[in-house]
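Fold and contact review
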Amino acid sequence: MSIKKQFIKTKPVCKVTFSIEAKEAQTAAVVGDFNGWNPENGALTKQKNGTFKGVFEVSKDAQYEFRYLVDGVYVNEAEADSYVFNEFAGAENGVLAV
């Protein structure tokens, strides 16, 4: 799992690349505050090596709660900037700070 941040100098956004290794999985998505927790808006593409990957633009100078959804199971990112307990989910969500 990993997160890569690329800040755009000409726009108030950050391109964030999310990747998660899930060789046996059929589907994976990143869901969070930045996409309305909608798996369709956060769909990741499966690479030949079994890693799912996607790039998303998010507004910078903000923090977003997020998780991966792999074959219907929520998974936290080990490299998240921090974690916060979410009452709705009853679990910790990863936090992305940009």
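In this report, we go over the structure that sits alongside the text. (Residues numbered from 1 in each chain as written. Predicted model: local features only at pLDDT ≥ 70, side-chain atom pairs only at ≥ 80, totals over all residues. Heavy atoms only, no water.)

Next up on the list: the pattern of salt bridges. Throughout the structure, instances matching the rule amount to one salt bridge. A salt bridge links Asp-81 to Lys-5, with the nearest nitrogen and oxygen atoms 2.8 Å apart. Placement of the pair is Asp-81 in the loop between strand E7 (73-75) and strand E8 (82-86) and Lys-5 in strand E1 (residues 2-7), with a sequence separation of 76 residues. (Salt bridge = Lys/Arg side-chain N within 4 Å of Asp/Glu carboxyl O. Helix = DSSP H or I, 4+ residues; strand = E, 2+ residues; numbered from the N terminus.)

This next bit is on the packing of aromatic side chains. Taken as a whole, this structure holds seven aromatic pairs when the rule is applied. Measuring from centroid to centroid gives 6.4 Å for Phe-34 and Phe-56, while their planes differ by 50°, and the two rings are tilted. Of the two residues, Phe-34 is situated in the loop between strand E3 (28-32) and strand E4 (45-46) and Phe-56 in strand E5 (residues 51-59); the sequence distance between them amounts to 22 residues. Counting every residue linked through ring pairs, the aromatic cluster contains Phe-18, Phe-34, Phe-56, Tyr-64, Phe-66 and Tyr-68. (Phe/Tyr/Trp six-rings, centres within 6.5 Å; stacked < 30°, edge-to-face > 60°.)

Within the largest apolar cluster, 20 residues are counted, with the highest numbers of intra-cluster contacts made by Val-16, Phe-18, Leu-44, Tyr-68 and Leu-96. Taken together, the elements giving at least two residues each to this core come down to strand E2 (13-21), E3, E5 and strand E6 (63-70). (Core = buried A, V, L, I, M, F, W, Y, C linked by side-chain atoms within 4.5 Å. Buried < 20%, exposed > 50% of the residue type's maximum accessible area, 1.4 Å probe, protein only.)

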